[in-house]
Amino acid sequence: MISILRRGLLVLLAALPMLAQAAPGQSAHDVIQGTTTQLLNDLKANKEQYKANPGQFYDSLNNILGPVVDADGISKSIMTVKYSRQASPDQMKRFQENFKRSLMQFYGNALLEYNNQGITVDPAKAEDGDRATVGMKVTGTNGAVYPVSYTLQKLQGEWKVRNVIVNGINIGKLFRDQFADAMQRNGNDLDKTIDNWAGEVAKAKAVTEDAAEKQAQ
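Computed from a prediction, not measured in an experiment: that's the story for all the values here.

Enquirer: I keep staring at the nonpolar core and nothing clicks. Help me out?
Expert: Most often, soluble globular proteins keep nonpolar side chains buried together rather than apart. Membership of the largest hydrophobic core comes to 34 residues, with the highest contact counts inside it found for M79, L152 and F179. Take this core: its biggest share by element is five residues, from helix α6 (residues 171-185). With residues near it in sequence (within four places) discarded, F179 still touches I78, M79, Y83, F95, L190, T193 and W197. Core analysis: the next-biggest nonpolar cluster, separate from the first, contains seven residues, L39, Y50, L61 and L112 among them.

Quick look at the structure:
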């Protein structure tokens, strides 16, 4: 049975580059490769220290992967126009912060157990226009390979991740569907949905874990 930690790692590596800051002039491939390399190098150098102080690890993750590149665009995509138009600037900011914090909390510990099983960013492709796709493969301890595909968009000359597909699961669509469902359950109370978003991230984690477990069987 695939371990919870390995499944959590898969989702983390898929979701967190959405928070990475791209340097001017980088290719889409470089954004994914550079962020992944920096994250894993930092983890390798400081893993025992982070295990003793997880809070410090979360801060490090934030320093490497944040601030959110296109936080406004990502949040509006999850909310969709139907709900984002209702949100005040303060509500949008709170949602962005809750989204990032919940990802750090749910998936950070999984990275602490990562033992370099194998992560490979696919070779760079020609990047014409304002959209590009970069692939990654994550190898589990059982030898199973989990594909990850990042969709990036060029905004003001910089490549920024806008969506991720993990093992065939469209993460952006998953979060959009869960946000709409949460709004219905909460009686269209936007504040309640925003404040309880960590629970929705946990549901997304469960969905992706189930899919990874089925593939490993």
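Moving on from the coordinates now.
Enquirer: Help me understand the pairing of strand β4 (residues 158-166), please; the structure alone is not making it clear to me.
Expert: The two faces of the sheet receive side chains in turn, since in a regular strand these alternate between them. Two elements, strand β3 (residues 145-155) and β4, share eight bridges in a ladder whose sense is antiparallel. Residue pairing in the sheet places T151 in a bridge with N163 of β4. Pairing geometry for β4 and strand β5 (residues 169-170), over two bridges, is antiparallel. Residue pairing for β5: V166 is matched across the bridge by I169. Hairpin geometry of β4 and β5 is characterised by an intervening segment of two residues between the two adjacent antiparallel strands and by a positive phi of about 55 degrees at N167.

Enquirer: So what exactly am I meant to see when it comes to the sheet that holds β4 here?
Expert: Sheet strands associate in pairs through backbone hydrogen bonding, adopting either a parallel or an antiparallel arrangement. Read across the open sheet, the five strands follow the order β1-β2-β3-β4-β5; overall the sheet is antiparallel. Each end of this open sheet is capped by a strand with a single partner; those strands are β1 (119-121) and β5. Strands β1, β2 (131-139), β3 and β4 of the sheet are contacted by helix α2 (residues 28-52), whose axis makes an angle of about 35 degrees with β2.

Enquirer: Would you mind going over the environment of A202 with me for this structure?
Expert: Along the polypeptide, A202 turns up in helix α8 (residues 197-216). A residue is classified by how much of its surface remains accessible, and A202, at 26% relative accessible area, is partly exposed. As a C-alpha pair, A202 and S102 span 100 residues in sequence and 8.3 Å in three-dimensional space.

Enquirer: What is the right way to look at the packing of aromatic side chains in this model?
Expert: Here the distance between the centres and the angle between the planes together describe a pair of aromatic rings. Per the counting criterion, the structure on display carries eight aromatic pairs. Aromatic ring contacts, followed pair by pair, group Y83, F95, F99, F175, F179 and W197 into a single cluster.

Enquirer: Would you explain α6 in this entry?
Expert: An α-helical turn contains 3.6 residues, so any two residues separated by three or four positions project in the same direction. For α6, built from 15 residues, the straight-helix expectation of 21 Å at 1.5 Å per residue is met to within 8% by its first-to-last C-alpha distance of 21 Å. Where α6 is concerned, the buried positions are I171, G172, L174, F175, Q178, F179, A182 and M183. Down the axis of α6, the buried side of the element spans an arc of 165 degrees, and every buried residue falls inside it. A distance of 3.1 Å separates the backbone nitrogen of G172 from a side-chain oxygen at the start of α6, and that oxygen is part of N170. After α6 finishes, the residue G187 shows a positive phi value of roughly 65 degrees.

Enquirer: Can you walk me through α2 in this structure?
Expert: Between the first and last C-alpha of α2 there are 35 Å, a value that for 25 residues agrees with the 36 Å anticipated at 1.5 Å per step. The largest bend in α2 amounts to roughly 75 degrees and is located at N46. Turning to α2, its buried residues number three or more, namely A28, H29, V31, I32, T35, T36, L39, L40, D42, L43, K47 and Y50.

Enquirer: Would you explain the pattern of salt bridges in this entry?
Expert: Charged atoms that come close allow side chains of opposite charge to pair. Counted under the stated rule, the structure contains eight salt bridges. With a closest N to O distance of 2.8 Å, R185 and D181 form a salt bridge. Remark: D181 and R185 occur in helix α6; sequence separation between them is four residues, near one turn of the helix. Judged by its relative accessible area of 45%, R185 falls in the partly exposed class. The network of salt bridges with shared partners includes D90, R94, D191 and D195.

Enquirer: Sorry if this is basic, but what is going on with the side chain of S84 here?
Expert: Relative to the helices and strands, S84 is located in helix α4 (residues 71-84). Assessed through its relative accessible area of 13%, S84 is described here as buried.

Enquirer: Just to check I follow, could you spell out the confidence of the model for the protein for this structure?
Expert: As a note on interpretation, predicted positions should not be read in detail where pLDDT is low. On average, residues of the protein carry a pLDDT of 78, and 73% of them reach 70 or more. Element-level mean pLDDT values for the protein span from 51 in helix α1 (residues 4-15) up to 95 in helix α7 (residues 190-195). Confidence drops under pLDDT 50 across residues 1-5; counting only partners more than four residues distant or on other chains, this segment forms 11 contacts.

Parameters at a glance
- Residues numbered from 1 in each chain as written.
- Predicted model: local features only at pLDDT ≥ 70, side-chain atom pairs only at ≥ 80, totals over all residues.
- Heavy atoms only, no water.
- Core = buried A, V, L, I, M, F, W, Y, C linked by side-chain atoms within 4.5 Å.
- Buried < 20%, exposed > 50% of the residue type's maximum accessible area, 1.4 Å probe, protein only.
- Helix = DSSP H or I, 4+ residues; strand = E, 2+ residues; numbered from the N terminus.
- Contact = heavy atoms within 4.5 Å.
- Pairing = 2+ DSSP bridges.
- Axes fitted to C-alpha atoms, helices over the stretch in contact; angles between N-to-C directions.
- Phe/Tyr/Trp six-rings, centres within 6.5 Å; stacked < 30°, edge-to-face > 60°.
- Expected span 1.5 Å × (residues − 1).
- Arc of directions from axis to C-beta.
- Polar contact = N/O pair within 3.5 Å; in protein donor to acceptor, adjacent residues only side chain to side chain.
- Bend = angle between axes of the 7 residues up to and from the residue.
- Salt bridge = Lys/Arg side-chain N within 4 Å of Asp/Glu carboxyl O.
- pLDDT = per-residue confidence, 0-100.

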